[in-house]
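# Breakdown of the fold
So you can see what is in the structure, the chains are spelled out below.
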Amino acid sequence: MTAQDSLAGLVRGKSLTERATGFVRYAVSHVTTDDFSRPTPCDQWDLRTLLSHVNDSLATLSEGLENGRLGLEPDVPSDGGGDVLAVFRQLTNRLLESWICSGHDGDDRMIEVAGTPLHSLLLGGTGALEIAVHGWDIATACGVDCVIPTALATDLYDFARIAVSPDSRHPQFAEPVPVPESATPADRLVAYLGRDPRMAFRRAP
């Protein structure tokens, strides 16, 4: 069994892409245009820049699933004069159609990435990881109580511990942040991906 097969086994049948997309949609539902200038956990990015990056990632993932390869310049819709939120909604719909309608969740097809074949489930898992953690970034920037669901965080953490190695984590992710043994699955996940869980909103008792 290859490393790709092992990772694909962590993703197959778990609907990570759909679940991560649902979470980021919920996080973004709290965003208004007044929030665009807010700082985010992503160094030197305000919220609007982060949303634009998420849109690029959604478009790239959809393009790979639809065409069987990843191009250098994904097809990102015009933001309609600055409506990055409308583009986000359009792209999440496109991604779900690309993933669900094509049956990728139980699929064994390969996608060409920079000339190298990549299992479609790995592309979906990697995309789900980025989508979910940026959902956390967005919620944190807005100061809302929006935690990655426990089951989703657990599945993504299992995937991330293998997919994000010391050799591959940079520049996408910073070094892991230490957390206590009692940390929740969501906190373990974002900490492993270089975020400080203490930045997240905590509702007073």
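Residues numbered from 1 in each chain as written. Predicted model: local features only at pLDDT ≥ 70, side-chain atom pairs only at ≥ 80, totals over all residues. Heavy atoms only, no water.

### Details of the confidence of the model for the protein
For clarity, the threshold we go by: Confidence scores here are pLDDT values: one per residue, from the predictor, ranging 0 to 100. Segments assigned H or I by DSSP are reported as helices when at least four residues long, segments assigned E as strands when at least two residues long, and all are numbered from the N terminus. Residue contacts are defined here by distance: any two heavy atoms, one from each residue, within 4.5 Å place the two residues in contact.
Taken as a whole, the protein shows an average pLDDT of 86; of its residues, 84% reach a score of 70 or greater. Across the protein, element-level confidence peaks in helix α7 (residues 185-192) with a mean pLDDT of 96 and bottoms out in helix α1 (residues 3-11) with 70. Overall, residues 201-205 carries pLDDT values under 50, and its contacts beyond four positions in sequence, including any with other chains, amount to 6 contacts.

### Quick look at the pattern of salt bridges
For clarity, the cut-off: Salt bridge, as used here: a side-chain nitrogen of Lys or Arg that lies within 4 Å of a carboxyl oxygen of Asp or Glu. Relative accessibility under 20% of the residue-type maximum defines a buried residue, over 50% an exposed one, and the middle range a partly exposed one, all with a 1.4 Å probe and only protein chains included.
On inspection of all chains with the given rule, the structure shows 7 salt bridges. Between D35 and R38 there is a salt bridge whose closest N-O contact spans 3.0 Å. Exposure remark for D35: the relative accessible area of 11% places this residue in the buried category. In this structure, the salt-bridge partner of R94 is E66, at a minimum N-O distance of 2.9 Å.

### Some words on the packing of helix α6 (residues 150-163) against α7
As a reminder of what qualifies: Lines fitted to C-alpha atoms define the axes here, with helix axes fitted over just the stretch in contact, and angles between the N-to-C directions of these axes take values from 0 to 180 degrees. In this scheme the handedness of a crossing depends on how the near helix is turned from the far one: anticlockwise by less than a right angle means left-handed, clockwise means right-handed. Gly falls in the polar group here, along with every residue not listed as nonpolar (Ala, Val, Leu, Ile, Met, Phe, Trp, Tyr, Cys, Pro) or charged (Asp, Glu, Lys, Arg).
At a closest axis distance of 8 Å, the pairing of α6 and α7 adopts a crossing angle of 35 degrees. Crossing handedness for the pair α6 and α7: left-handed. When α6 is examined against α7, the residues T150, A153, T154, L156, Y157, A160 and R161 are found in contact with a partner set consisting of P185, A186, R188, L189 and Y192. Class assignment for the residues of the contact of α6 with α7 results in 8 nonpolar, 2 polar and 2 charged.

### Re the sheet that holds strand β2 (residues 110-113)
Applied cut-off: By this definition, two strands are paired if DSSP reports at least two bridges between them.
The mixed open sheet is built from 3 strands, whose spatial order is β1-β2-β3. Unpaired on one side and paired on the other, β1 (69-70) and β3 (116-119) mark the two borders of the sheet. Pairing of β1 with β2 involves 2 bridges; the strand directions are parallel. Considered in β2, the bridge of R69 is made with E112. Packing of helix α5 (residues 120-142) onto the sheet brings it into contact with β1, β2 and β3, and relative to β3 it is tilted by some 75 degrees.

### A word on the pairing of β3
In this structure, β2 lies alongside β3, joined through 4 bridges in antiparallel fashion. Note on β3: the bridge partner recorded for M110 is H119. Where β2 hands over to β3, the hairpin turn is made up of 2 residues, of which A114 adopts a positive phi near 50 degrees.

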